[in-house]
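The chain contents come next:
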There are 2 protein chains.
Amino acid sequence: MTKIVQIKQTRIQREKRLLIQKAALQVFSEFGLRGATLDKIAKACGLTKPNILYYYSSKDEIYAEVLQSLLEEWIRPLKDISENGDPLTEILKYVKKKLTMSKTKKQESKLFATEILHGAPLTQNILAGSLKETVDDKVKLLNKWISEEKIAPVDPYHLIFSIWSMTQHYADFDVQVYSLLNTKKRSRIFQDAEDFLLTFFTRCLKQD
Amino acid sequence: MTKIVQIKQTRIQREKRLLIQKAALQVFSEFGLRGATLDKIAKACGLTKPNILYYYSSKDEIYAEVLQSLLEEWIRPLKDISENGDPLTEILKYVKKKLTMSKTKKQESKLFATEILHGAPLTQNILAGSLKETVDDKVKLLNKWISEEKIAPVDPYHLIFSIWSMTQHYADFDVQVYSLLNTKKRSRIFQDAEDFLLTFFTRCLKQD
DNA sequence: TATTTTTTTGACCAAATGGACAACTATTTA
DNA sequence: TAAATAGTTGTCCATTTGGTCAAAAAAATA
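**Some remarks on the protein's contact with DNA strand D**
What surrounds DNA strand D is a group of 18 residues, the closest being Thr10, Gln13, Lys16 and Tyr55 of chain A together with Lys59 of chain B. Atoms of DNA strand D within 4 Å of the protein: sugar and phosphate make up 64%, bases the balance. A distance of 3.0 Å is found between a phosphate oxygen of DNA strand D and a side-chain nitrogen or oxygen belonging to Tyr54 of chain A. Between a phosphate oxygen of DNA strand D and a main-chain N or O atom of Leu38 of chain B, the distance comes to 2.9 Å. Within the residue set of the surface near DNA strand D, elements represented by two or more residues are helix 1 (11–35) and helix 3 (49–55) of chain A together with helix 3 (49–55) of chain B. The leading source of residues in the surface near DNA strand D is helix 3 of chain A, at 4 residues.

Written as structure tokens, this is what we have:
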């Protein structure tokens, strides 16, 4: 008995899968896994529900794939912190990069946050796996910089947490941030945020 | 035609409503509004579904009440920042208080985060209302302290955001935080976090 | 204790939703 | 262009779930 397995994706498969992923990201990030329905995703990408299920075998599979591709992108910038550059500059570059991502990848940030918030059922192994590896690696580097007195002493794990939380806050809690600022400040949130963050981390990390 | 309106709650009503609220907080914070079901809440408090609906007319009403009572508690500590105390001490006291809440009120923090993350459909008016009032008030105080050179100059709005994000991170993203720390560090997350935060804000805000 | 009021629950309903599938159409390939 | 393969959809189904309701049980009151 021969089972025929399709290896190569057709043009239409590539296009439609991408279309579905985009719509799914939008819907999942707004409503969460449970709040999102196939009908909503279908509407968002202009396909019918059975058509979507022709490309993905279930809603959960769509969610898993969207989350998966997001995670890789999410971890990447951390890896770019280089031990060759000037320590403070490297850290500030990372802060800037993360803040930019909060501005341009708001949906991704919210989806990631929702996943973690609800116990990371599909993400746990990645957190404890490749992300942990990268973090541990950078923690070592930060400790090296501290021992060389190139940055002020500080717990490197919590330093990383602080960068994540402060930058992602502008994506995840955008509704709150917008609500609390007046119109003038609202239009320059991200400039103000960058100024604040760079000042903040510089004051905290600069060696006298 | 006379309509009889019950004014005073009976003992049983008080007890059962509280019981339901507790269970609902637990379930809502774990699954979100849509992911939570009446059956789950019912199971969590040992009542039957129709019994719950005897005390609350709908799932949404339970959610609204749980959220409402949480919000007041959530805003309160900010109000306690006093213009009479030493500026840096007052700010650090607030940081400590918020971090403690992340430890002891994890469910509340997660529920609040989920609500904001998904657009704050029921909270918008409170954000723009009483919370904004309090924030604006404290921003004025912070600006006063800055102009008197009692703390280093910094955007007060973003300072408040940074306190919120960094402290709440330890509740909302606990799964991630735990995943990334080894056993030794895991057992003293909150001590390490407090040390880190106090050092950080001190370095950032202290006037030379 | 008799009566009234409050509380509880089993059984039920309608809407929403994830998904199956056969029939039909469009595209690719030989 | 004919055959084969890929893509699309209307219709249907089963499950989940928020919510109703009448009747029974428990509690409060007179």
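**Describing the pattern of salt bridges**
The tally for this structure, following the rule as stated, stands at 26 salt bridges over all chains. Two residues, Arg17 of chain B and Glu65 of chain B, come together in a salt bridge whose shortest N-O distance is 3.6 Å. Note that Arg17 of chain B is positioned in helix 1 (residues 11–35) and Glu65 of chain B in helix 4 (residues 59–79), a separation of 48 residues in sequence. Linked by salt bridges that have partners in common, Glu83, Lys144, Glu148 and Lys150 of chain A make up one network.

**Some thoughts on unusual backbone geometry**
Of all residues except glycine, most have a negative phi; of all peptide bonds, most are trans. All names here are of chain A. Positioned with a positive phi, Ala120 is a non-glycine residue whose angle comes to about 50°. Mapping Ala120 onto the fold places it in the loop between helix 6 (106–117) and helix 7 (124–147). What makes Ala120 buried here is its relative accessible area of 0%.

**A short note on the relation of the copies chain B and chain A**
To go from the first copy of the chain to the second, apply a rotation about an axis and then a shift along the same axis. When chain B is brought onto chain A, the operation consists of a screw motion whose angular component is 180° and whose axial shift is 0.0 Å, with 0.1 Å RMSD remaining. The symmetry that links the two subunits is that of a two-fold axis. Most of the interface of chain B is mirrored in chain A, where 100% of its interface residues are also at the interface.

**Observations concerning helix 6 of chain A**
Residue and element names in this part refer to chain A. The end-to-end C-alpha distance of helix 6, which contains 12 residues, comes to 16 Å, matching closely the 16 Å that a straight helix rising 1.5 Å per residue would cover. The element helix 6 is extensively covered by neighbouring structure, given that 10 of its 12 residues are classed as buried. Those residues of helix 6 that fall on the buried side of the exposure criterion are Glu108, Ser109, Lys110, Leu111, Phe112, Ala113, Thr114, Glu115, Ile116 and Leu117.

**Description of the nonpolar core**
With 144 residues, the main nonpolar core has Phe201 of chain A together with Phe201 of chain B as its most contacted residues. Filtering out sequence-adjacent residues up to four positions away, Phe201 of chain A remains in contact with Leu88, Leu92, Val95, Leu159, Ser162, Ile163, Met166 and Lys206 of chain A together with Phe200 of chain B.

**Brief notes about the packing of helix 5 (residues 87–104) of chain A against helix 8 (residues 156–172) of chain A**
All names here are of chain A. Where helix 5 meets helix 8, the axes come as close as 8 Å, and the angle between the chain directions of the two elements is 25°. Taken as axis vectors, helix 5 and helix 8 run roughly parallel relative to one another. With respect to the hand of their crossing, helix 5 and helix 8 are arranged in right-handed fashion. Packed against helix 5, whose contacting residues are Ile91, Tyr94, Val95, Lys98, Leu99 and Ser102, the element helix 8 presents Ile163, Trp164, Thr167, Gln168, Tyr170 and Ala171 at the interface. Within the contact of helix 5 with helix 8, the residues separate by chemical class into 8 nonpolar, 3 polar and 1 charged.

**Some words on the domain arrangement of chain A**
All names here are of chain A. We note that the domain assignment places domain 1 (8–57) and domain 2 (67–205) within chain A. Each of domain 1 and domain 2 has a C-alpha centre, and the two are 29 Å apart. Listed per partner, the contact involves 4 residues of domain 1 and 5 residues of domain 2. Both faces considered, domain 1 and domain 2 share a buried interface measuring about 480 Å² in area, 68% of it formed by carbon and sulfur atoms. Our count for the domain 1 to domain 2 interface comes out at 0 salt bridges. Joining domain 1 to domain 2, the criterion identifies 0 residue pairs in polar contact (both at pLDDT 80 or more).

Conventions used here
- Residues numbered from 1 in each chain as written.
- Chains lettered and ligands numbered in written order.
- Predicted model: local features only at pLDDT ≥ 70, side-chain atom pairs only at ≥ 80, totals over all residues.
- Heavy atoms only, no water.
- Near = heavy atom within 4 Å.
- Polar contact = N/O pair within 3.5 Å; in protein donor to acceptor, adjacent residues only side chain to side chain.
- Helix = DSSP H or I, 4+ residues; strand = E, 2+ residues; numbered from the N terminus.
- Salt bridge = Lys/Arg side-chain N within 4 Å of Asp/Glu carboxyl O.
- Buried < 20%, exposed > 50% of the residue type's maximum accessible area, 1.4 Å probe, protein only.
- Least-squares fit on C-alpha atoms with pLDDT ≥ 70 in both.
- Contact = heavy atoms within 4.5 Å.
- Expected span 1.5 Å × (residues − 1).
- Core = buried A, V, L, I, M, F, W, Y, C linked by side-chain atoms within 4.5 Å.
- Axes fitted to C-alpha atoms, helices over the stretch in contact; angles between N-to-C directions.
- Parallel < 35°, antiparallel > 145°, perpendicular 65-115°, else oblique.
- Left-handed = near helix turned anticlockwise from the far one by under 90°.
- Nonpolar A, V, L, I, M, F, W, Y, C, P; charged D, E, K, R; others polar.
- Domains from an automatic or database assignment.
- Buried area = accessible area lost by both parts, 1.4 Å probe.

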